2 protein chains.
Amino acid sequence: MWGIIATWRMALEGVSESAPQLAAGSAASTAVVDAVAAVEDFPFYKSVGYGGLPTENGEVELDAAFMDGDTLAFGAVGNLIDIANPVRVAQALSRQRYNSLLVGQGAREWALEQGFSDKAMLTERAMQHYRKRCRETLDKGLSPYDGHDTVGIIGLDKQGSMSVATSTSGLFMKKRGRIGDSPIMGSGFYCDSETGAATATGVGEDLMKGCTSYEIVRRMAGGMTPQQAADSVVFELEDKLMSRFGRVGDLSVVCMNRHGEFGAATNIKTFTFVVATEKQPLTVYLAERHREQTCYQPVDEAWMQAYAARIRAPIEE
Amino acid sequence: MWGIIATWRMALEGVSESAPQLAAGSAASTAVVDAVAAVEDFPFYKSVGYGGLPTENGEVELDAAFMDGDTLAFGAVGNLIDIANPVRVAQALSRQRYNSLLVGQGAREWALEQGFSDKAMLTERAMQHYRKRCRETLDKGLSPYDGHDTVGIIGLDKQGSMSVATSTSGLFMKKRGRIGDSPIMGSGFYCDSETGAATATGVGEDLMKGCTSYEIVRRMAGGMTPQQAADSVVFELEDKLMSRFGRVGDLSVVCMNRHGEFGAATNIKTFTFVVATEKQPLTVYLAERHREQTCYQPVDEAWMQAYAARIRAPIEE
């Protein structure tokens, strides 16, 4: 069996390239890192990598992680500035015995020492978004903190190894130095080849309160199907945060077990994910909550065309 | 019932001040933050706060966290430079809806904006340690990465609220920007007033692989005593990392449930912890592993005197 599952439609191009490689016997680690790197490189995805939205200071600070489910080794970067592919830095860090979570200037210095490319990651289009959001925040009182879609990709290879990788520019208009769940072990990602893997997207500050990805993997280890694990963790966390904390942000997850069975859960209306396995042709699903259960169906061609138009549409300034 | 438990002997002075306050009805949040701040302020503790050991670049980068077990709100800082009390910054961040985990320059800027004091945290004594370690690493081939004792303190107040706080200068000779488990939700700390809390110290890179503190709290919620939860999590993680990752670092934990019962576990020879509850007079325990179980007994006066002499002894250069 092989399989790959990813948060959000934006992962489609990367997953499209990695799925045939997994089918041909490639390693899960390579498949997920290459797929995430493809998302990082695509300039029209405004929440990941090149073209990602800046902090409130106008700088693009990127977070990424990689975890090897065979060894449990992981590497992660936070607030990395102007390095082309944060996910590749994270993978390189996973091979270090110590210092595998590096942030800020230290992460950048290490990446440059290791030969990773310096690249200006702030685009004119991202700055247009930034200026528009500044105006909306002032004029209409909209929350500045909207738009924080992390790409998280899980792979299972024919050898039975699993890996997960994440990448994000984080909460739009975040403060300098803010880290969300994406580079945080157990919250934004977790992977154990003997069980499965999970990855999350949404409000990192809330996803961390439940160690969301770790808990999903743990429930799969305890016998739940991926879908049961995903739904139960998301909706229990939502209930708990509403009763204890008084509010809750967006929480969305995908997961896959070592048999290539997958699950997805969300507490919002428009969560998309991409999946392909030996049994399941490459599909983009649109997930929606129905009470305490997540339902999903393939998107249609009209949805795909509207998406393609929307991400490239001129930004009204 | 009230109670307080902390990693390492170094917490004794802070715990001594906070325990009577908890007995008198003070809030757990205040008790743990004040106790951690006392450790941060003490210049002879070389792994926390003022006097903490520097990174390989010779700078002191501090990590700290605070979690409120009633609301699950948390705040944390990583790689904070030259702010007097990182734990107080973490507590202030726990009151923010977003941006509650801040690192590096962004964390420092936020702390200064909020009125926290600028303070040069590198001491001459810490630099003596640094120079000695550089020599030992070169001359004797010793690992540079030895000495990474985090203070983590859990409090339970008479109102039934629990909190946890951590603070550390991190792995000695760490790379600039390295973050360990101490500011990482679920790994270095976790707290839920309906169940209990846990906090960890040791090699952060390994503690994170098991979401150690979260898993201990989860097992207490499932019915284990604190001691069973602590021992089972530490030794299972050790076994798992040995079989999957091929090596394992120091792993030590303390935990307390909402009834004030406590537990401690370690895979090393010389882990100390400090505890006081309504039923248990203030005691410093020395914990040791015996196969897959941790045993502990109070330290004697000779141990205490040797400790006091050792931390103040001149550093041979």
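Structure: see above.
Position labels on residues start from 1 in each chain and follow its written sequence. Note on labels: chains are lettered from A, ligands numbered from 1, in written order. A pLDDT threshold of at least 70 governs which residues receive local features in this predicted model, and a stricter bar of 80 or more applies before side-chain atom pairs are shown or counted, although totals over entire chains, interfaces and linings include all residues. With hydrogens and water excluded, all non-hydrogen atoms of the structure serve as input to the side-chain values.

Draft legend 1. Representation of the pairing of strand S3 (residues 74-80) of chain A. All names here are of chain A. When accessible area is computed with a 1.4 Å probe and restricted to protein chains, residues below 20% of their type maximum are described as buried, those above 50% as exposed, and intermediate ones as partly exposed. Numbered from the N terminus, helices here are DSSP runs of H or I no shorter than four residues, and strands are runs of E no shorter than two. Burial within S3 is extensive, with seven of its seven residues counted as buried. The sheet contact formed by strand S2 (residues 62-68) and S3 spans five bridges and is antiparallel. Within the sheet, the bridge partner assigned to Phe66 lies in S3 and is Gly75. Pairing analysis gives three bridges linking S3 to strand S4 (residues 101-103), with the strands arranged parallel. What sits directly across from Ala76, in S4, is Leu101. Throughout, right-handed denotes a crossover for which the path from the first strand over the helix to the second runs clockwise when the strands point away from the viewer. The parallel pair S3 and S4, bridged by helix H3 (residues 86-93), forms a crossover whose chirality is left-handed. Each pair of strands is called paired provided DSSP finds at least two bridges between the two strands.

Draft legend 2. How the structure looks around the environment of Ala120(A). All names here are of chain A. The residue Ala120 is located in the loop between helix H4 (104-113) and helix H5 (124-140) in this model. Of the residues examined, Ala120 reaches a relative accessible area of 55% and is grouped as exposed. For the pair Ala120 and Ile81, spaced 39 residues apart in the sequence, the C-alpha separation amounts to 8.3 Å. Residue contacts are counted whenever heavy atoms from the two residues lie within 4.5 Å of one another. Not counting the four nearest positions on each side in its chain, Ala120 is found in contact with Tyr50 and Asp82.

Draft legend 3. Highlighting the relation of the copies chain A and chain B. Our superposition of the copies is a least-squares fit, built on the C-alpha atoms of residues whose pLDDT is at least 70 in both. The two copies are related by a screw operation: chain A maps onto chain B through 180 degrees of rotation and 0.0 Å of translation along the axis, at an RMSD of 0.0 Å. Here the copies are linked by what is in effect a two-fold axis. The position closest to the rotation axis in chain A is occupied by the C-alpha of Gly104(A), lying 3.2 Å away. Most of the interface of chain A is mirrored in chain B, where 100% of its interface residues again form contacts.

Draft legend 4. Spotlight on the packing of aromatic side chains. Each Phe, Tyr or Trp ring, with Trp reduced to its six-membered ring, pairs with another whose centre is within 6.5 Å; inter-plane angles below 30 degrees give stacked pairs, above 60 give edge-to-face pairs, and intermediate values give tilted ones. As enumerated under the stated definition, the model contains 27 aromatic pairs over all chains in all. Between Phe271(B) and Phe273(B) the ring centres are 6.2 Å apart and the planes differ by 25 degrees, which places this aromatic pair in the stacked class. Per residue, the accessibility class of Phe271(B) equals that of Phe273(B), and both read buried. Considering the side-chain rings of Tyr285(B) and Tyr296(B), the 5.2 Å spacing of their centres and the 70 degrees angle between planes classify their relative orientation as edge-to-face. Of this pair, Tyr285(B) sits in strand S12 (residues 283-290) while Tyr296(B) sits in strand S13 (residues 293-298), and the two are eleven residues apart along the sequence. What links up through ring pairs into an aromatic cluster is the set Trp8(A), Phe262(A), Phe271(A), Phe273(A), Tyr285(A) and Tyr296(A). Any Lys NZ or Arg CZ that is within 6 Å of a ring centre and within 35 degrees of that ring's normal is treated as a charge sitting over the ring. Over the aromatic face of Tyr50(A) sits the side chain of Lys119(A), whose NZ or CZ is 4.3 Å from the ring centroid.

Draft legend 5. Spatial organisation of the packing of helix H7 (residues 212-221) of chain A against helix H7 (residues 212-221) of chain B. Orientation is described by axes fitted as lines to C-alpha atoms, over the contacting stretch for helices, and by angles from 0 to 180 degrees between their N-to-C directions. Viewed as axis vectors pointing N to C, H7(A) and H7(B) meet at an angle of 50 degrees, and their least axial separation amounts to 11 Å. With respect to H7(B), the axis of H7(A) lies oblique. Seen from above, H7(A) lies across H7(B) with right-handed handedness. In this structure, H7(A) uses Tyr214(A), Glu215(A) and Arg218(A) to contact H7(B), whose residues at the interface are Tyr214(B), Glu215(B) and Arg218(B). In what follows, roughly perpendicular refers to angles from 65 to 115 degrees, roughly parallel to angles under 35, roughly antiparallel to angles over 145, and oblique to any angle outside these ranges. In a left-handed crossing the near helix is turned counterclockwise from the far helix by less than a right angle, and in a right-handed crossing that turn is clockwise.

Draft legend 6. Structural view of the pattern of salt bridges. When a carboxyl oxygen of Asp or Glu lies within 4 Å of a side-chain nitrogen of Lys or Arg, that pair is called a salt bridge. Tallied over the entire structure, the rule returns 39 salt bridges over all chains. As a salt-bridge pair, Asp34(A) and Arg88(A) come within 3.2 Å of each other at their nearest N and O atoms. With Asp34(A) in helix H2 (residues 28-41) and Arg88(A) in helix H3, this residue pair connects regions lying 54 residues apart in the sequence. Here Asp34(A) falls in the partly exposed class, since its relative accessible area comes to 28%. Each of the salt bridges in this network shares a partner with another, and the network as a whole consists of Asp192(A), Glu194(A), Lys240(B) and Arg244(B).

Draft legend 7. Structural view of the nonpolar core. By size, the foremost hydrophobic cluster in this structure holds 187 residues, and its most contacted members are Met67(A), Ile153(A), Phe273(A), Met67(B), Ile153(B) and Phe273(B). Each residue touching Met67(A), except ones within four places of it in the same chain, is listed here: Leu72(A), Ala73(A), Phe74(A), Met162(A), Ser163(A), Val164(A), Met185(A), Phe189(A), Tyr190(A) and Cys191(A). Residues belong to a common nonpolar core when they are buried Ala, Val, Leu, Ile, Met, Phe, Trp, Tyr or Cys residues joined through side-chain atoms within 4.5 Å.

Draft legend 8. Structural view of the interface of chain A and chain B. Each side of the interface is counted separately: chain A has 51 residues, and chain B has 51 residues. Note on definitions: buried area is the accessible-area loss of two parts on being combined, 1.4 Å probe, summed for both. Of the roughly 4500 Å² buried where chain A meets chain B, counting both sides, 58% is carbon and sulfur surface. On the chain A side of the interface with chain B, the three residues burying the most area are Arg97(A), Asn99(A) and Arg244(A), jointly 17% of the side's total. Counting across the chain A and chain B interface gives ten salt bridges. Taken together, the elements giving at least two residues each to the side of chain A that touches chain B come down to S3, S4, H4, strand S7 (189-192), helix H6 (204-207), H7 and helix H8 (226-244) of chain A. Of the residues forming the side of chain A that touches chain B, the biggest block, five residues, is contributed by H4(A). Note on residue classes: Ala, Val, Leu, Ile, Met, Phe, Trp, Tyr, Cys and Pro are nonpolar, Asp, Glu, Lys and Arg are charged, and everything else, Gly too, is polar. Looking at the side of chain A that touches chain B residue by residue, the classes come out as 22 nonpolar, twelve polar and 17 charged.

Draft legend 9. Spotlight on the sheet that holds strand S12 (residues 283-290) of chain A. Residues and elements named next belong to chain A. The nine strands are arranged S4-S3-S2-S6-S5-S1-S11-S12-S13 in an open sheet whose pairing can be described as mixed. The open sheet has two free edges, formed respectively by S4 and strand S13 (293-298), since each of these has just one partner strand. The average undirected angle you get between the axes of adjacent strands in this sheet is 15 degrees. Helix H1 (residues 12-23) contacts strand S1 (3-7), strand S5 (151-156), strand S11 (271-277) and S12 of the sheet and is inclined by roughly 170 degrees relative to S1.

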